[in-house]
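# Coordinate inspection notes
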2 protein chains.
Amino acid sequence: MALPDSIQNLIAQFNKLPGIGQKTAERFVFYLLKQPKSEIDEFVKSLNGLKNNIKICSECFDFSETSPCSICRNSQRDKSIICAVAQGPDVIALEKTSEYNGVYHVLNGLINQIEGIGPEKLRVKELINRLKKNGVKEVILALDATMEGETTAMYLIKEIKPLNIKITRLARGLPMGSDIEYADEITLSSALKGRREI
Amino acid sequence: MALPDSIQNLIAQFNKLPGIGQKTAERFVFYLLKQPKSEIDEFVKSLNGLKNNIKICSECFDFSETSPCSICRNSQRDKSIICAVAQGPDVIALEKTSEYNGVYHVLNGLINQIEGIGPEKLRVKELINRLKKNGVKEVILALDATMEGETTAMYLIKEIKPLNIKITRLARGLPMGSDIEYADEITLSSALKGRREI
C-alpha cells in the first residue's frame, strides 16, 4: 500500500531537514495527524512568519526582523570591535556568554574547497568595506576550530593585514569539563602555548 | 540577545515534534533560512495538504485521502479477515511484508492505565460492530509486544470470545538477525513454545 499523497508530501518535506530520515519524518507526520488541526495552522503561521518577516541586516548580515538588526542599532554596543562569524547561530552562542559588547559580521559560511565554497561566496568584501569605512580598532575571528575555520581565518588575515587593524582570534585550549588524559595533542599543545600566569 | 520572534516561533513549533529538542529545532530553522523561500512555500503547502485532505476511513479508521480508504475499497482484499492494529504506521509496516490480504481495523492506541487510556478511548465498539455485521471469519491481533499491547489483547479477546470468531495473534520468537546468547528469557521461551517442525 502506498501512503496517501498528502502524507507522503509532508514526509518528504521533513525528510529534507538536516539529520532527519524517512522513519523520523513519518513519526512527525503521524504525530501531527493526532494533534488538533489548529496545531497545523500554528505551524503554517510560523513558517510564513519566518518567510515574510526575516530579513538580512544591512550592516552585519545576520538574520533579523529589522534592518539594521537590534545589535547594530544598539548605541550601547562598541562599533569599533567587529567579530567575524560564519553564521547566525554563532552570534547566538557568543551572545549567550554576555562577554562581548562589540558588533558582528556574518560571513555566511566558511571556505570549503571540497564543497566548492571559495572566499568569493562569503561576505569578505563586505567585511573589508566595513573595516575601511568605520573607525574599527579590532577584528575578532570567531571561526570554528576546524580545517574550514582555519582556512578561512588564514584567508581573512591575509586580506585584513594591509589595513593595519588589530586582528585577534578566540583562544584554543581545554574545553570545560575535559580530562587532560583524553585531550588530543593539538588541543593540549594549544593549551600549553596559550598558558596564562595566575 | 533574544532571537527574532519569527525565528523563535518556528523553533517552538519544531520543538513540539517527538524527540526534537531546542538545539535541533534551531538547526532546522537556520537550515530553512538558508533555503530559497520557495522551500518554505512547499512546506506550507504540504502541511495544508495534510490538514485538508486527510480523512479517517469510515470502515477501518485508518488515515486516508478517501473514505473508505484504498484498502477497504479494494475488491481483491479478503473482507473476512480483520487485522486489529494500534495505529496507522502499523498498517504500513504490515503492508510492507506483502503477506497479508485481509483488511485492517485501527484501534487508535493501546490501553495504558498510567496515561489514562482506557478501552473506551479505543475503537473497540466499532470493531465489535464490524465483527457482528460482516461475515468475518478471523480477527488477527497485531499489537505491540509490550505491556500495553498485552493488556489490550487480553481485553479484546474477552470482548470478541462470545462472537465465536477465530482469534489469532502474531507469533512471538527470535527477531531476524538476533543472537540466542543475547535474547531475553521471555523472547526465548516464546520461541521455544512456538517452535515449528521443519
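Residues numbered from 1 in each chain as written. Chains lettered and ligands numbered in written order. Predicted model: local features only at pLDDT ≥ 70, side-chain atom pairs only at ≥ 80, totals over all residues. Heavy atoms only, no water.

### Digging into the sheet that holds strand E6 (residues 166–169) of chain A
Residue and element names in this part refer to chain A. Spatially, E4-E3-E5-E6 is the arrangement adopted by the four strands of the open sheet, whose pairing is parallel. Each of the sheet's edge strands pairs with one partner strand only, and the pair in question is strand E4 (102–106) and E6. The mean inter-strand angle of the sheet, taken between neighbouring strand axes irrespective of direction, is 25°. Alignment of strand E5 (residues 138–141) against E6, held across four bridges, turns out to be parallel. When the bridges of E6 are listed, Val139 appears paired with Ile167. (Pairing = 2+ DSSP bridges. Helix = DSSP H or I, 4+ residues; strand = E, 2+ residues; numbered from the N terminus. Axes fitted to C-alpha atoms, helices over the stretch in contact; angles between N-to-C directions.)

### With respect to the interface of chain B and chain A
At the interface, 52 residues of chain B touch 52 residues of chain A. Both sides of the chain B and chain A interface together cover about 5000 Å² of buried area, and 70% of this is carbon and sulfur. On inspection of chain B and its partner chain A, the count reaches four salt bridges. One salt bridge connects Asp41 of chain B with Lys51 of chain A, and the closest N-O pair in it is separated by 2.7 Å. Counting only elements with at least two residues in the side of chain B that touches chain A, the list comes to helix H1 (5–16), helix H2 (22–34), helix H3 (37–53), strand E2 (63–64), helix H4 (70–73) and helix H5 (88–96) of chain B. (Contact = heavy atoms within 4.5 Å. Buried area = accessible area lost by both parts, 1.4 Å probe. Salt bridge = Lys/Arg side-chain N within 4 Å of Asp/Glu carboxyl O.)

### Describing H5 of chain B
When H5 of chain B is considered as a whole, its buried residues turn out to be Gly88, Asp90, Val91, Ile92, Leu94 and Glu95 of chain B. The secondary structure elements touched by the buried residues of H5 of chain B are helix H2 (22–34) of chain A together with H4, strand E3 (78–85) and strand E4 (102–106) of chain B. Directly after H5 of chain B, the chain includes Ser98 of chain B, whose backbone phi takes a positive value near 55°. (Buried < 20%, exposed > 50% of the residue type's maximum accessible area, 1.4 Å probe, protein only.)

### A closer look at H2 of chain A
Here H2 of chain A spans 19 Å end to end across 13 residues, near enough to the 18 Å set by a 1.5 Å rise per residue. Within H2 of chain A, the full set of buried residues consists of Ala25, Glu26, Phe28, Val29, Phe30, Leu32 and Leu33 of chain A. On its buried face, H2 of chain A sits against helix H1 (5–16) and helix H3 (37–53) of chain A together with H3, E2 and H5 of chain B. (Expected span 1.5 Å × (residues − 1).)

### Things to note about the sheet that holds strand E5 (residues 138–141) of chain B
Residues and elements named next belong to chain B. Within the open sheet, the four strands sit side by side as E4-E3-E5-E6. Their pairing is parallel. Looking at strand neighbours, the two that pair on one side only are E4 and strand E6 (166–169), the edges of this open sheet. Each neighbouring strand pair of the sheet contributes to a mean axis angle of 25°, computed without reference to strand direction.

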